[in-house]
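# Structural overview for review
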Amino acid sequence: MNIDGLRFEPYKLPASLAPLRAEVREFLASEIKNFTPVHRSNSWDAFDPEFSRKLGARGWLGMMLPKVYGGNERGPLERYVIVEELLAAGAPSGFHWIGDRQSGPLLARYGTEEQKKTILPQITAGEVCFCIGMSEPNAGSDLASLRTRAERTDAGWLVNGQKIWTSHAHRAHYMIALFRTSPPDKDRHAGLSQFLIKLPSEGITCRPIKDLTGRAQFNEVFFEDALLPHDALVGVEGAGWKQVVEELTFERSGPERYLSCFLLLTQLIDAVKDSASPETLRKIGEQIALVTALRNMSLSVAGMLNEGRDPSLQASIVKDVGCTFEQGLPALAQELVDLEPSLASYGNDFQQVLGNLMQLAPSFSLRGGTPEILRGIIARGLGLR
Amino acid sequence: MSELQNILEESVARVLDDSIDNQFLTSVEENGWPTELWNTLCELGLPQILASEESGGMGGSWADAYVVVRRCGYASLPLPIPEAIIATWIAKQAAIELPEGVPGLIPQPLTSDLIRGDSLTAEIARIPWGRDANYYLGITDASELVILGRDGIALVAEDNLGRDPRDTVSFGNARLLNRTATDLPPDAVQWLCAMLRSAQIAGASARCLEIGIEFVGNREQFGRPLSRFQAIQHHLAVMVGAIATVDSMSANAFRAMDHYGINGGPGERDAKFEIAAAKCRASDSVETVTRIGHQVHGAIGFTYEYGLHFLTRRLWAWRAEFGGSGKWAQYLGEVAKAQGGDNIWAYITN
Ligand SMILES: Cc1cc2nc3c(=O)[nH]c(=O)nc-3n(C[C@H](O)[C@H](O)[C@H](O)COP(=O)(O)OP(=O)(O)OC[C@H]3O[C@@H](n4cnc5c(N)ncnc54)[C@H](O)[C@@H]3O)c2cc1C
């Protein structure tokens with residue numbers, strides 16, 4: 001067995017991107033300078049429509065969408081630079097995140113002319129929030145077992161069932177949902193289709209679910225005889241699984257897969273700074289080596305995308321290693337700095353960031369697929385299954 | 001990889017894979033220096049990969065060298081081809097010609113006080129293949145390159161855990177064959193060899209993984225191949241992740257050498273950060289790779305005959321050579337401390 005197919009070629013971003021990076025840094029330095037560290041530590045979950053619109057005005061969203069549909073039509077590398085800068089700085093990206101990262105590219109590829117004309121310009125402008133309706137009460141890791149049905153009728157698609165854990169559904173403008181459009185046959189992946197749904201809509205009820213932080217970010221979404229127009233179907237009826245798998249490649253390939261806790265690393269460096277023992281510096285140094293390696297790997301994936309190669313296996317590896325890295329940081333920070341994790345209402349910046357990310361960390365290995373499932377995908381890439 | 005690197009890797013792989021198997025490695029452990037393979041690799045021009053074409057070299061880059069050094073690790077090559085590549089490069093920096101034959105790299109900076117007139121008196125430990133070297137090369141704390149011959153040396157033979165020679169050589173009033181000022185840091189050999197070891201670790205780890213994948217596909221328990229068990233699949237997937245971090249970081253360190261060199265002045269960009277990160281990551285990953293590599297094999301992997309140990313014993317040795325994770329992690333921690341939280345991202349992405 002030769003494993004050369006798993007390698008991560010070093011990739012150096014072209015020097016021509018340096019001005020763009022500088023511009024983003026300058027923008028962030030003024031735009032988020034008054035945000036507290038604990039607020040910034042929510043980064044790709046923090047919901048800030050005004051900030052997203054500013055990014056849109058700069059031309060930094062919808063980077064890969066075609067110009068004819070209002071997109072900026074720039075390369076994946078430019079998008080990469082912008083996204084990594086936003087995440088490393090902890091810019092509030094939750095409002096535009098899903099639309100910019102995955103729903104925009106999905107619609108550009110599979111949407112109807114009408115959908116592209118109306119929605120893609122809004123994504124580029126940072127004016128719309130998307131949510132993803134995949135998980136159901138009985139379909140988590142085993143997504144293909146989902147049961148919410150969309151039935152074709154003369155009046156449109158009639159939907160009945162329930163989604164759960166749908167991030168931002170209660171404040172999103174659109175949902176991209178995966179429904180069953182015909183009963184499963186021998187191929188469990190057959191008979192699923194994707195839909196574009198305008199929210200709020202009649203027959204659709206969102207009920208926010210409070211998470212362990214006390215905030216309500218995700219939802220239960222009920223579909224009770226919800227009637228969707230015929231053209232709500234995205235792509236090909238019955239090809240939903242294939243489309244979703246493509247979409248998840250976008251989801252798995254970005255720098256968000258190792259940067260969710262970056263702010264804690266920076267806080268940790270400052271918290272130990274003056275009194276750091278050699279042992280403490282070593283532990284921090286190990287994390288610096290790992291985060292640098294992850295960035296190189298993530299760049300390598302971006303380079304492969306840019307060259308039109310398929311990096312889905314490498315992307316899964318980045319996500320798996322990245323998740324272990326970021327999930328381990330709160331415990332390490334706690335070990336090195338003997339201060340209580342705190343809520344945002346008291347404590348210093350380090351304590352607040354630690355308290356916030358310590359609570360969020362369990363979700364890093366859940367959303368977008370668990371390590372157990374990812375490792376299965378990697379094993380398949382190794383030819384083990 | 002570039003087209004050229006693909007060709008280079010293929011040709012090096014062909015020679016190494018054809019020559020090196022368990023029997024060969026056993027025989028080198030028993031009988032020492034394999035002259036024929038050394039000559040073949042020299043004929044391929046591998047020690048000269050970084051020498052300019054005018055001086056008879058390949059005119060290659062550090063990125064090309066990475067391909068070769070990684071492959072040496074992959075093959076458990078019991079010869080100092082990686083060290084010879086470094087010797088050639090150092091000689092090029094000093095614009096001197098090296099003596100013929102096998103170089104013995106002096107791992108630590110030489111104290112200038114030990115040099116009286118044109119001769120050196122010192123006892124130097126852990127010289128790779130010191131017993132087989134035709135000459136010795138070191139850098140002084142004043143950044144001078146010195147070359148010594150074998151005349152009048154006394155030698156104590158020692159091996160590392162991989163059973164590759166790491167000898168103690170005593171020089172008694174040994175005449176310097178050359179002494180030339182350079183602009184290399186005094187500890188250049190340590191930096192460069194740490195980088196070599198990270199590439200060798202990447203290669204040997206990849207081979208461990210390949211052997212493991214093959215094994216679990218063939219070995220059956222409970223009526224099916226081990227590869228069908230999720231616990232085994234996950235073990236190997238974790239190993240893949242660890243190896244990916246090393247391969248990627250190490251390849252980037254060699255690239256950084258191409259771009260920035262080893263000797264930036266204060267505040268100047270050089271490759272030291274990448275090298276430190278590569279060796280730190282490589283040393284840290286050895287635990288995962290050797291633990292899982294052995295675990296999936298069961299008892300057979302613990303035998304001498306099966307030969308997994310030719311890789312894993314080298315991994316354990318290389319983990320510590322030229323600084324283990326502790327040393328390099330502390331260097332990186334100092335960098336982080338000096339930069340501060342606000343600047344570390346800009347530093348990493350520079
Ligand atoms: C903060 C947050 C936001 C989310 N946002 C969204 C969203 O916007 N849209 C959406 O559709 N979903 C969302 N999710 C849901 C997420 O995708 C699921 O949590 C995830 O797919 C796992 O499903 P589950 O929670 O039902 O766990 P289960 O599938 O029940 O798994 C429980 C445990 O068993 C393990 N397991 C399951 N199957 C196997 C197996 N075959 N082998 C070994 N172990 C296995 C899992 O890895 C996990 O550790 C979100 C989740 C969180 C926490």
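## As for helix 7 (residues 230-260) of chain B
The end-to-end C-alpha separation of helix 7 of chain B is 44 Å, in line with the 45 Å expected for 31 residues at 1.5 Å each. Judged by how many residues are buried, helix 7 of chain B sits mostly within the fold: 23 of 31 residues are covered.

## Describing the packing of helix 10 (residues 278-306) of chain A against helix 11 (residues 341-349) of chain B
Helix-helix packing: each pair is described by the crossing angle between the helix axes and the interaxial distance. Relative orientation of the contacting elements helix 10 of chain A and helix 11 of chain B amounts to 50 degrees, with a least axis distance of 11 Å. Relative to helix 11 of chain B, the element helix 10 of chain A lies oblique. Where helix 10 of chain A crosses over helix 11 of chain B, the two elements pack in a sense that is right-handed. Along the contact surface, helix 10 of chain A presents Ile288(A), Val291(A), Thr292(A) and Arg295(A), while helix 11 of chain B presents Ile344(B), Trp345(B), Ile348(B) and Thr349(B). Per-class residue counts for the contact of helix 10 of chain A with helix 11 of chain B are five nonpolar, two polar and one charged.

## Considerations on the site of the ligand
Among the 16 residues in the neighbourhood of the ligand, the closest are listed as Ile132(A), Ser141(A), Trp165(A), Thr370(A) and Gln230(B). More than one chain reaches the ligand: the nearby residues come from chains A and B. For the ligand, an oxygen atom lies 2.7 Å from a polar atom in the side chain of Ser141(A). Coverage of the ligand by the protein chains reaches 65% of its 970 Å² of free accessible surface. The leading source of residues in the shell around the ligand is strand 3 (residues 156-167) of chain A, at three residues. Looking at the shell around the ligand, its residues break down into five nonpolar, nine polar and two charged. Looking at which domains feed residues into the shell around the ligand, each of domain 2 (132-240) and domain 3 (243-381) of chain A gives three or more.

## Describing the domain arrangement of chain B
Residue and element names in this part refer to chain B. Assigned domains of chain B: these are domain 1 (1-94), domain 2 (100-181) and domain 3 (188-349). Placing a centre on the C-alpha atoms of domain 2 and another on those of domain 3 gives a separation of 29 Å. Regarding the contact of domain 2 and domain 3, the summed buried area is about 1000 Å², with carbon and sulfur atoms giving 53% of it. Our count for the domain 2 to domain 3 interface comes out at two salt bridges. The closest approach of N and O atoms between Arg 166 and Glu 321, which form a salt bridge, is 2.7 Å. Where domain 2 packs against domain 3, one counts four residue pairs in polar contact (both at pLDDT 80 or more). Residues that form the side of domain 2 that touches domain 3 fall into these classes: six nonpolar, three polar and three charged.

## Considerations on helix 9 (residues 262-272) of chain A
Taken across its eleven residues, helix 9 of chain A has nine buried, putting it largely inside the fold. The set of residues buried in helix 9 of chain A consists of Phe262(A), Leu263(A), Leu264(A), Leu265(A), Thr266(A), Gln267(A), Leu268(A), Ile269(A) and Val272(A).

## Section: unusual backbone geometry
Residue and element names in this part refer to chain A. Residue Pro 200 follows Leu 199 across a cis peptide bond; omega there is -10 degrees. In this structure, Pro 200 sits in the loop between strand 5 (192-198) and strand 6 (204-210). At His 168, a residue that is not glycine, the phi angle is positive and equals roughly 65 degrees. If you trace the backbone, His 168 turns up in the loop between strand 3 and strand 4 (174-180).

## Some points on the domain arrangement of chain A
Where interface size is given, it is often the accessible area lost as the parts come together that is meant. All names here are of chain A. Domain parsing of chain A yields domain 1 (3-128), domain 2 (132-240) and domain 3 (243-381). Put simply, the middle of domain 1 and the middle of domain 3, counted by C-alpha atoms, are 19 Å apart. Every contact between the two is made by 30 residues of domain 1 and, on the other side, 36 residues of domain 3. For the domain 1 and domain 3 pair, buried surface summed over both sides reaches about 3200 Å², with 62% attributable to carbon and sulfur atoms. When residues of domain 1 are sorted by the area they lose upon contact with domain 3, Phe 8, Trp 44 and Tyr 80 head the list and together hold 22% of the total. At the boundary of domain 1 with domain 3, the tally comes to four salt bridges. Its salt-bridge partner being Glu 246, residue Arg 109 comes within 3.6 Å of it at the nearest N-O pair.

The rules we used
- Residues numbered from 1 in each chain as written.
- Chains lettered and ligands numbered in written order.
- Predicted model: local features only at pLDDT ≥ 70, side-chain atom pairs only at ≥ 80, totals over all residues.
- Heavy atoms only, no water.
- Helix = DSSP H or I, 4+ residues; strand = E, 2+ residues; numbered from the N terminus.
- Expected span 1.5 Å × (residues − 1).
- Buried < 20%, exposed > 50% of the residue type's maximum accessible area, 1.4 Å probe, protein only.
- Axes fitted to C-alpha atoms, helices over the stretch in contact; angles between N-to-C directions.
- Parallel < 35°, antiparallel > 145°, perpendicular 65-115°, else oblique.
- Left-handed = near helix turned anticlockwise from the far one by under 90°.
- Contact = heavy atoms within 4.5 Å.
- Nonpolar A, V, L, I, M, F, W, Y, C, P; charged D, E, K, R; others polar.
- Near = heavy atom within 4 Å.
- Polar contact = N/O pair within 3.5 Å; in protein donor to acceptor, adjacent residues only side chain to side chain.
- Areas by Shrake-Rupley, 256 points an atom, 1.4 Å probe, with all protein chains shown as cover.
- Domains from an automatic or database assignment.
- Buried area = accessible area lost by both parts, 1.4 Å probe.
- Salt bridge = Lys/Arg side-chain N within 4 Å of Asp/Glu carboxyl O.

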